[in-house]
Amino acid sequence: KHISTLTGSMAGDSETRLEHRADGEQVARQPFLIGVAGGTASGKSSVCGKIMELLGQNKIDHHQRQVAILSQDSFYRVLTPEQKAKALKGQFNFDHPDRADPRVRLRHPLQVKEETVAVYPADVVLFEGILMFYSQEIRDLFQMKLFVDTDADTRLSRRVLRDISERGRDLEQVLSQYINFVKPAFEEFCLPTKKYADVIIPRGADNLVAINLIVQHIQDILNGGLTKRQAGCINGYGTSPRQRQPSESSSRPH
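Residues numbered from 1 in each chain as written. Predicted model: local features only at pLDDT ≥ 70, side-chain atom pairs only at ≥ 80, totals over all residues. Heavy atoms only, no water.

Going by what an unreviewed UniProt entry lists, the chain is known as uridine/cytidine kinase and is assigned to Denticeps clupeoides. The Pathway (unreviewed entry) comment attached to the chain in UniProt states, word for word, "Pyrimidine metabolism; UMP biosynthesis via salvage pathway; UMP from uridine: step 1/1." What UniProt records for the chain under Sequence similarities (unreviewed entry) is the sentence "Belongs to the uridine kinase family." (UniProt positions renumbered as here; feature names shortened; annotations may be inferred.)

Student: Help me understand the overall build of the chain in this model?
Tutor: Along the backbone of the chain there are nine helices and nine strands. Residues counted as buried form 43% of the 254 residues belonging to the chain. Across the chain, the fraction of contacts at a sequence separation of at least 24, relative to all contacts at a separation of at least 6, is 73%. (Helix = DSSP H or I, 4+ residues; strand = E, 2+ residues; numbered from the N terminus. Buried < 20%, exposed > 50% of the residue type's maximum accessible area, 1.4 Å probe, protein only. Contact = heavy atoms within 4.5 Å.)

Student: Would you mind showing me how to read the environment of Ala210 here?
Tutor: As for its placement among the helices and strands, Ala210 is situated in helix α8 (residues 208-222). On the accessibility criterion, Ala210 (3% relative accessible area) is buried.

Student: What is the right way to read the packing of aromatic side chains from this model?
Tutor: Here a ring pair, both rings aromatic, is described through the centre-centre distance and the interplanar angle of the planes. Counted by the stated rule, this structure contains two aromatic pairs. Ring plane angle 85° and centroid distance 5.6 Å describe the contact between Tyr134 and Phe189, whose orientation is recorded as edge-to-face. Of this pair, Tyr134 sits in the loop between β7 (124-128) and α5 (136-139) while Phe189 sits in helix α7 (residues 171-190); the two residues are 55 residues apart in sequence, bridging distant segments of the chain. Look at Phe189 and you get buried, because its relative accessible area is 9%. Above the ring of Tyr196, the side-chain terminus of Arg139 is found at 3.6 Å from the ring centroid. Residue placement shows Arg155 over the ring face of Phe186; its charged tip is 4.2 Å from the ring centre. (Phe/Tyr/Trp six-rings, centres within 6.5 Å; stacked < 30°, edge-to-face > 60°. Lys NZ or Arg CZ within 6 Å of the ring centre and 35° of its normal.)

Student: Help me understand a nonpolar patch on the surface, please; the structure alone is not making it clear to me.
Tutor: Where nonpolar side chains cluster on the molecular surface, the patch consists of Ile164, Leu171, Leu175 and Ile179 and spans about 330 Å² of accessible area. For the nonpolar patch, the element with the most residues is α7, which contributes three residues. Among the secondary structure elements, Leu175 is positioned in helix α7. Assessed through its relative accessible area of 31%, Leu175 is described here as partly exposed. (Patch = residues over 30% accessible without salt bridge, like charges linked within 9 Å, V, L, I, M, F, W, Y side chains within 5 Å. Areas by Shrake-Rupley, 256 points an atom, 1.4 Å probe, with all protein chains shown as cover. Salt bridge = Lys/Arg side-chain N within 4 Å of Asp/Glu carboxyl O.)

Student: Help me understand helix α6 (residues 152-167), please; the structure alone is not making it clear to me.
Tutor: For an α-helix, the turn length of 3.6 residues means that residues three or four places apart are oriented alike. The terminal C-alpha atoms of α6 lie 21 Å apart, and with 16 residues this matches the ideal 22 Å at 1.5 Å per residue to within 8%. Those residues of α6 that sit buried are Arg155, Arg159, Val160 and Asp163. Down the axis, α6 shows its buried residues gathered within 135° of arc, on one side only. Across from the buried face of α6, at angles greater than 90 degrees, the exposed residues are Asp153, Leu161, Ser165 and Glu166. Buried residues along α6 sit against α7. One or two positions beyond α6, positive phi appears at Gly168, with a value near 65°. (Expected span 1.5 Å × (residues − 1). Arc of directions from axis to C-beta.)

Student: Could you clarify how one ought to interpret the packing of α6 against α7 in this entry?
Tutor: In a packed pair of helices, the relevant descriptors are the angle between the two axes and the axis-to-axis distance. Two elements in contact, α6 and α7, have axes whose closest approach is 10 Å; the angle formed by their N-to-C orientations is 135°. It follows from the interaxial angle that α6 and α7 lie oblique. In the packing of α6 onto α7, the handedness of the crossing is right-handed. Facing Ala152, Arg155, Leu156, Arg159, Val160, Asp163 and Ile164 of α6, the residues of α7 in contact are Leu171, Val174, Leu175, Gln177, Tyr178, Val182 and Phe186. Residues that form the contact of α6 with α7 fall into these classes: ten nonpolar, one polar and three charged. (Axes fitted to C-alpha atoms, helices over the stretch in contact; angles between N-to-C directions. Parallel < 35°, antiparallel > 145°, perpendicular 65-115°, else oblique. Left-handed = near helix turned anticlockwise from the far one by under 90°. Nonpolar A, V, L, I, M, F, W, Y, C, P; charged D, E, K, R; others polar.)

Student: Help me understand the pattern of salt bridges, please; the structure alone is not making it clear to me.
Tutor: If the charged atoms of two oppositely charged side chains come close together, the side chains can form a pair. Enumeration over the complete set of coordinates arrives at eight salt bridges. In this structure, the salt-bridge partner of Asp198 is Lys145, at a minimum N-O distance of 3.9 Å. One end of the pair, Asp198, is in the loop between α7 and β9 (199-202); the other, Lys145, is in strand β8 (residues 144-149), with 53 residues separating them in the sequence. Grouping residues by exposure puts Asp198 and Lys145 together as buried.

Student: Quick question: what am I supposed to make of the sheet that holds strand β4 (residues 32-38) here?
Tutor: The strands that make up a sheet pair up through hydrogen bonds in the backbone, lying either parallel or antiparallel. Sheet architecture is open: five strands sit in the order β5-β7-β4-β8-β9, paired in parallel fashion. Looking at which strands have only one partner, the edges of the open sheet turn out to be β5 (67-71) and β9. Each strand axis lies, on average, 20° off the axis of its neighbour in the sheet, ignoring direction. Pairing between β8 and β9: four bridges, direction parallel. In the strand pairing of β9, Phe147 is matched with Ile200. (Pairing = 2+ DSSP bridges.)

Laid out in structure tokens, this is it:
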């Protein structure tokens, strides 16, 4: 899918919502960007979906939603016929930065693919993908960075079941692609970026404690309880609106 995104380029020219100040003047509000990284089938989409569910956003019309989800999968280059043939056989590497790094695609989304999906302006944007934190240029755009950390056996079993049921591949193709491309790419390009995460979420969407903490933080942003600068304090972009107690320093999940 191609995102005909109304949030635009994350590099700074994104369309913004207009906020009415007390004096009646309209001011532009940039969206609060949250990156969600993690290995294949780690549960990135499920975590984003759970966040939307707990915020009640999935019950709201698309035009009115304050939170939007974008996927790195929507920004791959169009495959050549030869590449498509390899992909159908599980012989194409989608997990290499040359294919998935969104730097160019984010700036020129109209050049990506023909199929379009409209994404309306939002106050918070969740952007998920295996290589969300690989490029510093993109990584530095996120005010919050989440890494979904699920063990390799679980991820492999999920991918096998998904690719067989949803993509019509046989077991040999799935395992061959995983061993030759997916696993090496994860270890070389994705796993090292875990160190950049502000919050690590073990067990993915099953970790309701971590997700509820994130949901509360987003809710504060949506309710105007935190300024953008204050909201960025979770990764050092600003200062907290109150002084942390000593016990809070170790509350981050590892």
